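# Coordinates in review
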Amino acid sequence: MTKQNSIRVDEQQGILRLDTANTTYVMGISNGLYLGHLYYGAKIPADDLSYRTALTTPMSPENIKKDFCVYMDSTDFEYPGWGIGDSREGAIKVRDALGSTRTNLIYKGYRISSSKALIPGLPATFASESDPEDVSTLEVDLQDPDTGLLVTLFYSAFWAEDIIARHVEVRNEGKNELVLERVLSASVDMRETDRQGKDLRLMTFYGIWAREFTKEIREIGHGRTGVSSIIGKTNNRAQPFLGLVSQDITQVSGEVYGLNFLYSGNFASMVEKNPNGGLRVSVGIHPEEFSWHLAPGEVFYAPEVVMTYSCCGLGKMSRNFHDLYRKHLIRGSYKDRKRPILINNWEATYFDFDTEKLLAIAKKAKECGIEMLVMDDGWFGKRNDPDSSLGDWWVNEEKLTGGLARLGRELEDMGMKFGIWFEPEMVSPDSELYRTHPDWAIAVPGREPSRSRNQLVLDVSREEVRDHIFNSMYKVLTSTKISYVKWDMNRHLTDLYSAGLPDCRQGELLHRFVLGVYDLQQRLLTAFPDLLLENCSSGGARFDPGMLYFSPQIWTSDDTDAYERIRIQEGAQMLYPLSCLGAHVSVCPNHVTGRVVPFKTRGHIALSGTFGYELDITKLSEEEHEMIRQQTAMYHKYNDLIRTGDFYRMASFRENGFFDCYGVVSKDKSEMLLTFIHVMNQPCMPTRWISIQGLDPDKLYAVEQVDDSTIGPSEQVTDATRKVCQAHGATLAHAGLIVPCRYGDFQSVLYRISEVKE
Ligand code: GLA
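These numbers come from a predicted model, not from an experiment.

## Brief notes about the packing of aromatic side chains
- As enumerated under the stated definition, the model contains 39 aromatic pairs in all.
- Where Trp379 meets Phe380, the ring centres are 5.2 Å apart and the plane angle is 75 degrees; that geometry is what we call edge-to-face.
- Owing to a relative accessible area of 0%, Phe380 belongs among the buried residues under this scheme.
- Through successive ring pairs, a cluster of aromatic residues spans Phe205, Phe213, Phe241, Phe321, Tyr325, Phe543 and Tyr576.
- The ring of Phe353 has Lys399 lying over it, and the distance from NZ or CZ to the ring centre is 4.7 Å.
- If you follow Arg565 out to its NZ or CZ, it ends over the ring of Trp555, 4.9 Å from the centre.

As structure tokens, then:
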């Protein structure tokens, strides 16, 4: 099996198979009619797997007929229908002209292509231009003979990344209108009892504002469990990710299945454990608050799910996702480019700023090696607090004398780029926009809508609303040279009703809203192809792979406390590449937690993200300015490696309570940057032992400390003490690296591990 024949179909046996470099996915036709699931996991040889169809359905054709419900309830299906005997979670439910929801999908045929389809209006992974053969696609048609509903399941195998990407297209080939009441994007039936008692456990990420990305692993009890969002967007309460992990899972060993959803709205990522030892995983748009009218000839597209399997631990899963997202999802001119180091004025000034203040920050920032000033919330309308002006996207000349043109010009003269904040999907009740178009806000006619942060949500499902937003942003972005937009979104969707939809179609609002957001961001990127877009939602409350299709980076959390960031970024790094994690150095005591962490450590932790500053640089000491100069130089030295390399986590403070350690190794394994954070000091613990992962076992490496971190306050770092050792990759993995513990908490040290040519 090579990547050129990674999809094979045995028509005689009715077996359809996909392979990636290390995984295999197999489906089979069951009872001559239904598409069954046969296997997903570690790569297996190309054996005849038709015996598995019999195993998952141990019933004779006569008995199936007599006891169809038993057959339905005990068979592993690929995309289960509704109301015909399967009591588990269905993947699709469609109401027909009779009012019935019986949805009976029969296998019809397949197609193979050596490419990857885009999905109209939705984010989707794509084949890379440099290696188009890396992905092939299998399309399987299923049809309900009674309603004419045609369902096409798409499976794309990304060979090198060990990813199967799935999405679903639903076409009404019948004569009558159909109403879709659920269209999930993926269902996977697994045989859990095959694991010799090592039951799989569920891994998810939960959080709240300023505490995003907390990993949780739990036992899967019988029944349905999982994570979801019903607030109209993805959520800081749960990542749209579902993992199944073996009991012995670590970074380097154990099994993991990971499914991530490329969508930014309501989702459900569920697992259902059945008494017969089966697990059904289902991922898709949450069926709550969803319905979609499909007229004859119309098509509905369900968003993409990406799935990976690793039999060598969580680290491999992370690297599979990182490579997929960097190579096959993130687009635009910054896809493979270093981002400018920015300074954002939010924590420096909040709403209290003017042109002079911003220019003073920019001037000092420029002197320290920072490359872009980002003007955050408060520059427009009459906004001096969160109570007004969202939607009034014209500059407040009282604050910004000379307008954006002057600020932009002066920044340009200084050699600084200029970035700006918007919250385009929102409107303040106290705004010109709301007074002119009250019906543009999402609200039920005649009922007072719930406010959040004293604002309402604009109905971007409507084209005229989107046109207005786009035109307002266009005007601002062409009024001076703007290189970057921070696109924020600071509340849930509630009081669901769209004045643009007939009453019977209100169930379409939430999905149309998400499509509207995508449309707006796409229009922006088309109009300004060099714009660097950073998505944000009260920190990481809309941090999902769908948004990564539009912005190469997302603000990870409003919690900029470096100590908190250790945990938050560990969670985020497990799914997303370092190149997309918004991370800034901020002032201490930290505004969210009041904690004090050394400036140097704050820099080291932000370095493993996009890197920037969020503080009033004019108020810092000369010593701190010097540290910023060193940090910005360090960014330029190591960002190519951090952005493009392979990530290895070697110790987790979350798990051990004392220290954190991770490294990024170049693809050719010639260089690694290792970050060690001695988070909590502990008496009688002079050193920590780290098994260095990711190096080439046969290569000789020099290990060198690259910063001036000392063991204690009276120690000095000299050129001699910087040179730690020379050893082969195998030695550093097995005998390990010994890192001296530091005096005090929150101390960090960086090591460069570079190949020595023998
Ligand atoms: C949100 C963002 C912050 C900041 C404020 C401005 O909370 O997450 O970074 O932009 O809005 O109001």
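## Side note on the state of the cysteines
- Evaluated as defined, the whole model comprises zero disulfides.
- With no disulfide of its own, Cys311 lies closest to Cys312 among cysteine sulfurs, the gap being 4.8 Å.

## A closer look at the nonpolar core
- In terms of nonpolar packing, the biggest core is built from 185 residues, with Leu244 and Trp379 touching the most fellow members.
- The biggest single contributor to this core is helix α10 (residues 509–527), with nine residues.
- Apart from the residues lying within four places of it in its own chain, the contact partners of Trp379 are Phe353, Trp393, Trp394, Val395, Asn396, Leu400, Leu404, Ile420, Trp421, Phe422 and Val476.
- Ranked by size, the runner-up nonpolar core spans 21 residues in total, among them Tyr648, Ala651, Phe659 and Tyr751.

## A look at the pairing of strand β1 (residues 7–10)
- Here four bridges tie β1 to strand β2 (residues 15–19), and the two strands are oriented antiparallel to one another. By the bridge assignment, Arg8 is partnered in β2 with Arg17.
- If you look at the hairpin formed by β1 and β2, you'll find four residues sitting between the two strands, and Gly14 has a positive phi there, around 70 degrees.

## Regarding the packing of helix α4 (residues 314–328) against helix α12 (residues 562–575)
- Orientation of α4 relative to α12, taken along the N-to-C sense of each, is 70 degrees, at an axis distance of 6 Å. In terms of axis orientation, α4 runs roughly perpendicular to α12. Residues Leu314, Met317, Ser318, Phe321, His322 and Tyr325 of α4 lie in contact with α12, whose contacting residues are Gln573, Met574 and Leu575.
- Looking at side-chain class alone, the contact of α4 with α12 contains six nonpolar, three polar and no charged residues.

## Here's the deal with a nonpolar patch on the surface
- The grouping of Ile208, Trp209 and Val592 at the surface amounts to a nonpolar patch, some 250 Å² of accessible area in total.
- If you trace the backbone, Val592 turns up in the loop between β29 (585–586) and α13 (599–607).

## Digging into the pattern of salt bridges
- In the structure shown here, the tally under the stated rule is 60 salt bridges.
- The shortest N-O distance in the salt bridge between Arg383 and Asp377 comes to 2.7 Å.
- The shortest N-O distance in the salt bridge between Glu464 and Arg462 comes to 2.9 Å.
- Taking the relative accessible area as the measure of exposure, Arg462 reaches 10% and is therefore buried.
- Put simply, Asp86, Arg88, Asp189 and Arg280 are held in one network by salt bridges that share partners.

## Some remarks on the site of the ligand
- If you check the shell around the ligand, you find 13 residues, and the closest are Asp376, Asp377, Arg453, Lys486 and Asp558.
- Between the ligand and Trp421 there is a distance of 3.1 Å, counted from an oxygen atom to a side-chain nitrogen or oxygen.
- Interatomic distance of 2.7 Å between a side-chain N/O atom of Lys486 and an oxygen atom of the ligand.
- Protein contacts shield 96% of the accessible area of the ligand, which totals 310 Å² for the unbound molecule.
- Residue composition of the shell around the ligand, by class: four nonpolar, three polar and six charged.

## Quick look at unusual backbone geometry
- Each neighbour pair has its own omega, and for Cys588 with Pro589 the value is -5 degrees, a cis peptide bond.
- Take Pro589: it is sitting in the loop between β29 and α13.
- Positive phi outside glycine occurs at Arg453, with the angle close to 50 degrees.
- With respect to the helices and strands, Arg453 occurs in the loop between α8 (432–436) and β24 (456–457).
- A positive phi is found at Phe611, a non-glycine position, where the angle reads about 75 degrees.
- By the secondary structure assignment, Phe611 is in the loop between α13 and β30 (612–614).
- A relative accessible area of 1% means that Phe611 is categorised as buried.

## Examining the side chain of Thr103
- In this structure, Thr103 sits in the loop between β5 (92–95) and β6 (106–113).
- Residue Thr103 is classed as buried on the basis of its relative accessible area of 0%.
- Polar side-chain contacts of Thr103 include one of 3.0 Å to the backbone nitrogen of Val94.

## Description of the domain arrangement of the protein chain
- Domain parsing of the protein chain yields domain 1 (89–328), domain 2 (342–644) and domain 3 (648–755).
- Averaged C-alpha coordinates put domain 1 and domain 3 at centres separated by 39 Å.
- Between domain 1 and domain 3, the residue contacts involve eight residues of the former and six residues of the latter.
- Both sides of the domain 1 and domain 3 interface together cover about 540 Å² of buried area, and 37% of this is carbon and sulfur.
- Taken together, domain 1 and domain 3 are joined by two salt bridges.
- Two residues, Lys667 and Asp323, come together in a salt bridge whose shortest N-O distance is 2.9 Å.
- At the boundary of domain 1 and domain 3, one finds three residue pairs in polar contact (both at pLDDT 80 or more).
- Sorting the residues of the side of domain 1 that touches domain 3 by element identifies β12 (214–219) and α4 as the ones contributing at least two each.

Here is what the cut-offs are and how they apply
Residues numbered from 1 in each chain as written. Predicted model: local features only at pLDDT ≥ 70, side-chain atom pairs only at ≥ 80, totals over all residues. Heavy atoms only, no water. Phe/Tyr/Trp six-rings, centres within 6.5 Å; stacked < 30°, edge-to-face > 60°. Buried < 20%, exposed > 50% of the residue type's maximum accessible area, 1.4 Å probe, protein only. Lys NZ or Arg CZ within 6 Å of the ring centre and 35° of its normal. Disulfide = S-S within 2.5 Å. Core = buried A, V, L, I, M, F, W, Y, C linked by side-chain atoms within 4.5 Å. Helix = DSSP H or I, 4+ residues; strand = E, 2+ residues; numbered from the N terminus. Contact = heavy atoms within 4.5 Å. Pairing = 2+ DSSP bridges. Axes fitted to C-alpha atoms, helices over the stretch in contact; angles between N-to-C directions. Parallel < 35°, antiparallel > 145°, perpendicular 65-115°, else oblique. Nonpolar A, V, L, I, M, F, W, Y, C, P; charged D, E, K, R; others polar. Patch = residues over 30% accessible without salt bridge, like charges linked within 9 Å, V, L, I, M, F, W, Y side chains within 5 Å. Areas by Shrake-Rupley, 256 points an atom, 1.4 Å probe, with all protein chains shown as cover. Salt bridge = Lys/Arg side-chain N within 4 Å of Asp/Glu carboxyl O. Near = heavy atom within 4 Å. Polar contact = N/O pair within 3.5 Å; in protein donor to acceptor, adjacent residues only side chain to side chain. Domains from an automatic or database assignment. Buried area = accessible area lost by both parts, 1.4 Å probe.

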